[in-house]
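# Residue-level structure breakdown
Letter by letter, the chains look like this.
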Amino acid sequence: MTTVLVNGACGRMGSTVVKAVLDDKDLKLVGAVDIKGGADTGVLAGYPANGILVETDLAAALDRLKPEVMIDFTRPDVVFENVQTALKHHVSPVVGTTGLTEAQRNTIKELAEKEDTPAFIAPNFAIGAVLLMMLSVKAAKYMPDVEIIELHHDHKLDAPSGTAAQTAALIDAVREAHEQGNPDEKEKEGWTGARGANYSGMHVHSVRLPGFVASQEVIFGGLGQTLTLRHDTTSRESFMPGVVLAAKKVRGLKGLTVGLDKLLD
Ligand code: NAD
């Protein structure tokens, strides 16, 4: 049995994670934290009240409850501090919150090693999105001209999405960096950004609209052909098997592990 505290428990993802932890026989919810505070976690999950109330002070909750794992779905601007707090308490963070920079990840890696406490980060916990990344790497070897379009709900704070950033980095590792499009192409005056963000010559476009949960297209272009890989998340449930798997496996890892693919066969 792995004991778990959920941070960001009142949010869209956090409350879904609370339910997934309560529903899993090998995980035990021992606490929950959110700056909103007060709510009963049973009620958050759509069940009768269970007396495990959402607290507001992460360090105090970790001190008192001593969970083995903290699952974090909070905000890009607070996640780095949350992860450091967890590691200093020898609690393994399982991080879904996006927006961590490479420098912050490096610091987390060093701290996880120093505190001898494993940590896990996944830009996307949906198995379909992980497969999309794996297939993109395969395709990019043969079709190195590629653009990424990611589409999310309009409450999302960070752009590009963690999945798009991870996909671009993985593709970049297998293809020779080169500028794409017409070398003479120009954005119209006053229309900066029409070609999206440029990552090693690869263009990445972020769409924010109500109605989407999380979707991504990776479009490859070659002579006389295009190949489009697309993944759509239609419900937050899609992330739960990955989150539960990571919560069960993280204590057996070493240092920092990034990406759900590392936990799959
Ligand atoms: P949300 O706004 O619905 O929920 C965030 C919650 O965090 C809120 O309840 C807020 O009160 C709480 N919070 C804010 N600051 C806090 C702090 N300092 N301590 C504790 N709680 C705090 O957001 P969401 O849609 O649930 O998304 C959360 C994060 O998860 C985002 O970064 C999103 O991009 C990411 N996400 C990742 C995946 C994945 O597979 N990795 C999937 C979906 C969403």
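In what follows, the structure referred to is the one given above.
As a starting point, this report considers the structure included with it. (Residues numbered from 1 in each chain as written. Predicted model: local features only at pLDDT ≥ 70, side-chain atom pairs only at ≥ 80, totals over all residues. Heavy atoms only, no water.)

Looking only at helices and strands, the protein chain has eight helices and 12 strands in total. Expected size for 265 residues packed as a compact globule is a radius of gyration near 18 Å; at 20 Å, the protein chain falls within 12% of this value. Referenced to the eigenvectors of the C-alpha coordinate spread, the extents of the protein chain come out at roughly 60 × 40 × 35 Å. Counting across all 265 residues of the protein chain, residues that qualify as buried make up 48%. For the protein chain, the accessible area works out to roughly 13,300 Å², and carbon and sulfur atoms hold 54% of it. Charge-centre separation for the protein chain: the mean point of 27 positive side chains lies 4 Å from the mean point of 34 negative side chains. (Helix = DSSP H or I, 4+ residues; strand = E, 2+ residues; numbered from the N terminus. Rg over C-alpha atoms; globule rule 2.2 N^0.38 Å. Buried < 20%, exposed > 50% of the residue type's maximum accessible area, 1.4 Å probe, protein only. Areas by Shrake-Rupley, 256 points an atom, 1.4 Å probe, with all protein chains shown as cover. Lys, Arg positive; Asp, Glu negative; His and termini not counted. Charge placed at Lys NZ, Arg CZ, Asp CG, Glu CD.)

As a further point, take a nonpolar patch on the surface. A contiguous nonpolar surface patch, about 350 Å² in accessible area, is contributed by Ile127, Leu131, Met134 and Leu135. Looking at the secondary structure, you find Leu135 in helix 6 (residues 127–142). (Patch = residues over 30% accessible without salt bridge, like charges linked within 9 Å, V, L, I, M, F, W, Y side chains within 5 Å. Salt bridge = Lys/Arg side-chain N within 4 Å of Asp/Glu carboxyl O.)

What follows deals with the sheet that holds strand 5 (residues 92–95). Paired through backbone hydrogen bonds, the strands of a sheet run either parallel or antiparallel to each other. Sheet architecture is open: seven strands sit in the order 3-2-1-4-5-6-12, paired in parallel fashion. Each edge of the sheet is formed by a strand with only one pairing partner; in this case those strands are strand 3 (54–55) and strand 12 (256–258). Here helix 3 (residues 58–65) sits on the sheet and contacts strand 1 (2–7), strand 2 (27–33), strand 3 and strand 4 (69–72); the angle it forms with strand 1, its principal contact strand, is near 165°. (Pairing = 2+ DSSP bridges. Contact = heavy atoms within 4.5 Å. Axes fitted to C-alpha atoms, helices over the stretch in contact; angles between N-to-C directions.)

A word on empty space enclosed by the protein. A full pass over the atoms with the stated rule returns one cavity of 30 Å³ or more. Approximately 60 Å³ is the volume found for the largest cavity. Along its surface, the largest cavity is lined by Asn124, Ala129, Leu132, His152, Ser161, Thr163, Ala214, Ser215, Gln216, His231 and Thr233. At three residues, strand 10 (residues 214–222) tops the list of elements feeding residues into the lining of the largest cavity. Looking at the lining of the largest cavity residue by residue, the classes come out as three nonpolar, eight polar and no charged. (1 Å grid on protein atoms, 1.4 Å probe; cavity = no way out; pocket = protein on both sides within 12 Å on 5 of 7 lines; lining within 4 Å. Points joined across faces, edges and corners; volume = space filled by probe spheres on them. Nonpolar A, V, L, I, M, F, W, Y, C, P; charged D, E, K, R; others polar.)

Before going further, it helps to spend a moment on the site of the ligand. In the vicinity of the ligand there are 22 residues, among which Arg12, Met13, Asp34, Thr98 and Phe125 approach most closely. The backbone of Ala122 places a nitrogen or oxygen atom 3.0 Å from a nitrogen atom of the ligand. The backbone of Pro123 places a nitrogen or oxygen atom 3.1 Å from a nitrogen atom of the ligand. Burial of the ligand by the protein amounts to 85% of the accessible area it has alone, namely 870 Å². (Near = heavy atom within 4 Å. Polar contact = N/O pair within 3.5 Å; in protein donor to acceptor, adjacent residues only side chain to side chain.)

A few words on the pairing of strand 2. Across the seven residues of strand 2, five count as buried, placing the element largely inside the fold. Strand direction decides the pairing type here: strand 1 and strand 2, joined by six bridges, are parallel. Counted as the bridge partner of Thr2 is Leu27 from strand 2. Between strand 1 and its parallel partner strand 2, the chain crosses via helix 1 (residues 12–23), and the hand of that crossover is right-handed. Note: strand 2 against strand 3, two bridges, orientation parallel. Across the sheet, residue Ala32 finds its bridge partner in strand 3, namely Val54. (Right-handed = clockwise from strand over helix to strand, strands pointing away.)

Purely spatial values, then, with no claim about function.
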